[in-house]
Amino acid sequence: MMNWVRLFENKGMDTFITNSESKKTAKFKCNNFLEQDKAKAVMILGDAGAGKTHLALAMAKEYFLQGEKVEVVNYREIVRLSVYKERIIREYNKAIDSYIDADVLLIDDLFCGAIVDVELSNDIYEIINSRYEGQKITIITSERNITELLDMDEPIISRLIEMTRREYVCYL
């Protein structure tokens, strides 16, 4: 797992450039999310290079500075762990447990560049569902839109949409 804390240094709400109406709206929603306690997930969706990861890391940084245990993982790392699960079962279990147990989890680039298979889908669902049941904050970024995400894995995305209270889905 990568040490994402160093990426927080230059990522903040104050450094997120809002040069479009969609970026202004997304930043506004993300700031509101940080100040409320009912919704437990935010989804930041948009094209590559739009600023999704910057905004998500800025949010994670805010939680980290408040003393929350934050985990940040790129979806492709979860794919890698899943593919080699049989060979690295201890590392796999430790990673999955850390994603479930973290106060705040950021999954960057959900479903980016990888086809979801049943086993991987089960792994992701275990993480998301455990966080749902535990009422833990989850931040998701993806280059895919809601329709594409639902087509890829409806149970996971439906659960995430429920966690956002249908209010904190941001498009850049």
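To start, this report covers the structure provided alongside it. Starting from 1, residues in each chain are numbered consecutively following that chain's sequence as written. Under the rules for a predicted model, residues below a pLDDT of 70 receive no local features and side-chain atom pairs below 80 are neither given nor counted, while totals for whole chains, interfaces and linings still include all residues. Side-chain descriptors were evaluated using all non-hydrogen atoms of the structure, hydrogens and water having been removed beforehand.

**Looking at helix 5 (residues 89-101)**
The helix and strand labels rest on DSSP assignments: H or I over at least four residues marks a helix, E over at least two residues marks a strand, and numbering proceeds from the N terminus. Expected helix span is given by 1.5 Å per residue-to-residue step, counting one fewer step than there are residues. End to end, helix 5 covers 18 Å across 13 residues, agreeing with the expected 18 Å (1.5 Å per residue, within 8%). Whether a residue is buried, partly exposed or exposed follows from its accessible area with a 1.4 Å probe, protein chains only, as a fraction of its type maximum: under 20%, in between, or over 50%, in that order. Every buried residue of helix 5 is listed here: Tyr-92, Ala-95, Ile-96, Ser-98, Tyr-99 and Ile-100. Contact criterion: two residues are considered in contact whenever any of their non-hydrogen atoms come within 4.5 Å of each other. The elements touched by buried residues of helix 5 are strand 2 (70-74), helix 4 (75-83), strand 3 (104-108) and helix 6 (118-133).

**Considerations on the packing of aromatic side chains**
Paired rings are identified among Phe, Tyr and Trp, the last through its six-membered ring, by centres lying within 6.5 Å, and are further divided according to the angle between planes into stacked (under 30 degrees), edge-to-face (over 60) and tilted (the rest). Using the criterion set out here, one finds two aromatic pairs in the structure. Ring centres of Phe-33 and Tyr-168 lie 5.2 Å apart, and the angle between their planes is 75 degrees; this geometry places the pair in the edge-to-face category. Here Phe-33, found in helix 2 (residues 21-35), pairs with Tyr-168, found in the loop between helix 8 (154-163) and strand 5 (169-171); they are 135 residues apart in sequence, far enough to count as distant. For Tyr-168, a relative accessible area of 6% corresponds to the buried category.

**Here's the deal with the side chain of Lys-40**
Along the chain, Lys-40 turns up in the loop between helix 2 and strand 1 (41-45). Positive charges are assigned to Lys and Arg, negative charges to Asp and Glu, while His and the chain termini are left out of the count. Within this document, salt bridges are pairs made up of a side-chain nitrogen of Lys or Arg and a carboxyl oxygen of Asp or Glu, the two lying within 4 Å of each other. The side chain of Lys-40 sits in the buried core without any salt bridge; Asp-37 is the nearest counter-charge, 6.2 Å away.

**Let's talk about the environment of Ala-50**
Relative to the assigned elements, Ala-50 resides in the loop between strand 1 and helix 3 (52-65). Separated by 41 residues in the primary sequence, Ala-50 and Glu-9 have C-alpha atoms spaced 19 Å apart. Setting aside residues up to four positions removed in sequence, Ala-50 forms contacts with Lys-23 and Leu-172.

**Regarding unusual backbone geometry**
In the Ramachandran plot, Asp-109 falls in the positive-phi region, its phi being about 60 degrees despite a non-glycine side chain. Relative to the helices and strands, Asp-109 is located in the loop between strand 3 and helix 6. Not every positive phi belongs to a glycine, and Gln-135 is a case in point at roughly 55 degrees. Here Gln-135 shows up in the loop between helix 6 and strand 4 (137-142).

**Examining the pairing of strand 1**
Burial analysis of strand 1 places five of its five residues in the buried class, which makes it a mostly covered element. Burial along strand 1 is two-sided: Ala-41, Met-43 and Leu-45 facing one way and Val-42 and Ile-44 facing the other are all buried. Where strand 1 lies against strand 4, five bridges are found, and the strand directions are parallel. What sits directly across from Met-43, in strand 4, is Ile-140. As paired strands, strand 1 and strand 5 are joined by three bridges and run parallel to one another. Between any two strands, at least two bridges found by DSSP are needed for them to pair.

**Comments concerning the pattern of salt bridges**
Taken as a whole and assessed by the stated rule, the structure comprises two salt bridges. Residue Arg-80 pairs with Glu-77 through a salt bridge whose shortest N-O separation is 2.8 Å. Within this pair, Arg-80 and its partner Glu-77 are both found in helix 4, separated by three residues, close to a single helical turn. Since its relative accessible area comes to 32%, Arg-80 is described here as partly exposed. A salt bridge links Arg-80 to Glu-91, with the shortest nitrogen-to-oxygen separation between them at 3.0 Å. On the criterion of sequence distance, the pair formed by Arg-80 in helix 4 and Glu-91 in helix 5 is long-range, its members being eleven residues apart. Residues joined by salt bridges that share partners form a network here, namely Glu-77, Arg-80 and Glu-91.

Spatial relationships are all this shows, so hold off on functional conclusions.
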